[in-house]
Structures are given as structure tokens and as C-alpha cells.
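# Reading the structure
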Amino acid sequence: MKADIVTYPDRELLALSLADRIAQELRQHLASHGRASLCVPGGSSPVPLFESLAALDLDWENVTVFLNDERWVPRSNPRSNSAMLRAHLLQGPAAAAQYLDLYTGAETPAEAAPALTEALADHLPITVLILGMGKDLHTASLFPGAPGIEQLLAADAPAVMQAAGGSEPRITLTCPALKSALFGHLVIMGAEKREALENARGDDPVEAPIAAFIGDLTVHYAD
């Protein structure tokens, strides 16, 4: 299924324009439901988007924010996505948002997953989802060919599970939880990722996890 790709002249305009669009989608849902949820990626690429979004006027007190996935490391670790989020999104007006931290301090992600699945239930379906994508076509912590990827992609998967891939244990929202989103956006930067995405259409999600989501997302692209 062909993705809807919005191309921007530069990354700054992408961040500003997409922040406005996401805020509008959240406001729309808040007006009709009183609560909204925002599920976001980690890494450094979305930092300009987060900083643009954090400054916008919104009923942040009634928005719950959580990550797509998290490395199983404490906030003091420089690889913590939660620390990045607190530094760049949960600031200014957005500091009033409710934050559901995927890292609980439990010994393993598998131990924490059932309680996180229960905690997340009140915030599904996701109102607005933002995904990133690696050059290998992974998204969240859904990695191509990784042990257990079939379970993470399964339609009956619980909302949160431990994931294999990367240099440390990870926890991730599963495919059905992510696909529940009412509004979905994928942010990619650079020609290499755009080419990889376009070649992924119709691929088996086990080998190209982003393929499970392409038809549900608006893709936002800048060089």
C-alpha cells in the first residue's frame, strides 16, 4: 500500500509544520473526549520536533505521553530515551503533560510488561502516534528477523512486551498497540531512508517491520 509522503524543504520546516499538525489533532480529540494520548519515538532525530511541540499552547494536563519503546536503562544512563524526552518534550507548556515511563526499574522488561500493559489500557487507542525508522526498516523495537518478532507483530499480542535487538534489553509497544492510533505519522530524514521505505512496500513485516504500518501513516520527509 502506497504511503502518503509529505516532503519538506528542510528539517526545520518539517519540525514546525508537523508540530502544528499534531497539536491540532490532539486539540480535536481533547475537544470531543477530554483526554488524549501521544506516543513518540526515542533517539535524537525527533528532538527539533519535540522542542517545537513543547512550546505550543495545548491542554497538556489532559495529554498522556509515552514512548514507542525504551532501552532498559535508568534515566541517568545517556542512552535513556526517557531522559531525552524529559529534556526536550516535557518542558515549557508540555511539562504539564502526564508521562507514563516505560522504564519501571524492574529487573527485566519481561517482568515489567504485564503491569505496563494494564497501565496503558486507559490510553488506547493511541490518539497521535509518531514513529521513526532505521535504515534496516525497524521501528520502535521491532527489529527485522529478531527473536520473537512474530509475537510482537501478532494481532493478539499484549500492548507491551520485551523485545530483542540492540546492545541492551528493550521494552516496546507491540504492533497492535501501535496500529491502534487514530492519527499516525512517520518521520524520516535523508534519501537513503526514503528509498528504503519505498522499497519496503509489500514486504513481509517479519523482515521489514515498518511494512506493517505503511498504509496507516502519513510520512514526513526532509533531506
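Below, the structure is looked at part by part. (Residues numbered from 1 in each chain as written. Predicted model: local features only at pLDDT ≥ 70, side-chain atom pairs only at ≥ 80, totals over all residues. Heavy atoms only, no water.)

## Quick notes on a negative patch on the surface
On the surface, Glu150, Asp203, Asp204 and Glu207 cluster together to form a negatively charged patch. Locating Asp204 in the fold gives a position in the loop between α7 (191-200) and β10 (218-222). Among the residues examined, Asp204 registers a relative accessible area of 45% and is labelled partly exposed. (Patch = residues over 30% accessible without salt bridge, like charges linked within 9 Å, V, L, I, M, F, W, Y side chains within 5 Å. Areas by Shrake-Rupley, 256 points an atom, 1.4 Å probe, with all protein chains shown as cover. Salt bridge = Lys/Arg side-chain N within 4 Å of Asp/Glu carboxyl O. Lys, Arg positive; Asp, Glu negative; His and termini not counted. Charge placed at Lys NZ, Arg CZ, Asp CG, Glu CD. Helix = DSSP H or I, 4+ residues; strand = E, 2+ residues; numbered from the N terminus. Buried < 20%, exposed > 50% of the residue type's maximum accessible area, 1.4 Å probe, protein only.)

## A closer look at the sheet that holds strand β7 (residues 160-163)
Read from one edge to the other, the open sheet built from three strands follows the order β4-β8-β7, with strand pairing classed as antiparallel. Whereas interior strands pair on both sides, the edge strands pair on one side only; in this sheet they are β4 (69-71) and β7. Across the sheet, the mean angle separating the axes of adjacent strands is 20 degrees when strand polarity is ignored. Across four bridges, β7 lies against strand β8 (residues 170-173) in antiparallel orientation. Paired with Met161 across the bridge in β8 is Thr172. Most of the contacts of helix α4 (residues 109-120) go to β7, to which it runs at about 155 degrees, and overall it touches β7 and β8. (Pairing = 2+ DSSP bridges. Axes fitted to C-alpha atoms, helices over the stretch in contact; angles between N-to-C directions. Contact = heavy atoms within 4.5 Å.)

## Things to note about the pairing of strand β6 (residues 128-131)
Regular strands show a simple pattern: their side chains alternate between the two faces of the sheet. Judged by which residues are buried, β6 turns out to be covered on both faces: Val128 and Ile130 on one side and Leu129 and Leu131 on the other are all buried. Bridge count between strand β2 (residues 36-40) and β6: two bridges; the pairing is parallel. Note that in β6 the partner of Leu38 across the bridge is Val128. Direction of pairing for β6 relative to strand β9 (residues 183-189): parallel, over a ladder of four bridges. If you follow Leu129 over to β9, its bridge partner there is Gly184.

## Notes on the packing of aromatic side chains
Under the counting rule described, the total for this entry stands at one aromatic pair. The lysine or arginine in question, Arg194, covers the ring of Tyr221, its NZ or CZ lying 4.9 Å from the ring centre. (Phe/Tyr/Trp six-rings, centres within 6.5 Å; stacked < 30°, edge-to-face > 60°. Lys NZ or Arg CZ within 6 Å of the ring centre and 35° of its normal.)

## Overview of the sheet that holds β6
Here we have seven strands laid out as an open sheet, ordered β1-β10-β9-β6-β2-β3-β5, and parallel in their pairing. Each edge of the open sheet is held by one strand with a lone partner, namely β1 (4-7) and β5 (98-99). Lying over the sheet, α7 contacts β1, β9 and β10, oriented at roughly 130 degrees with respect to β9.

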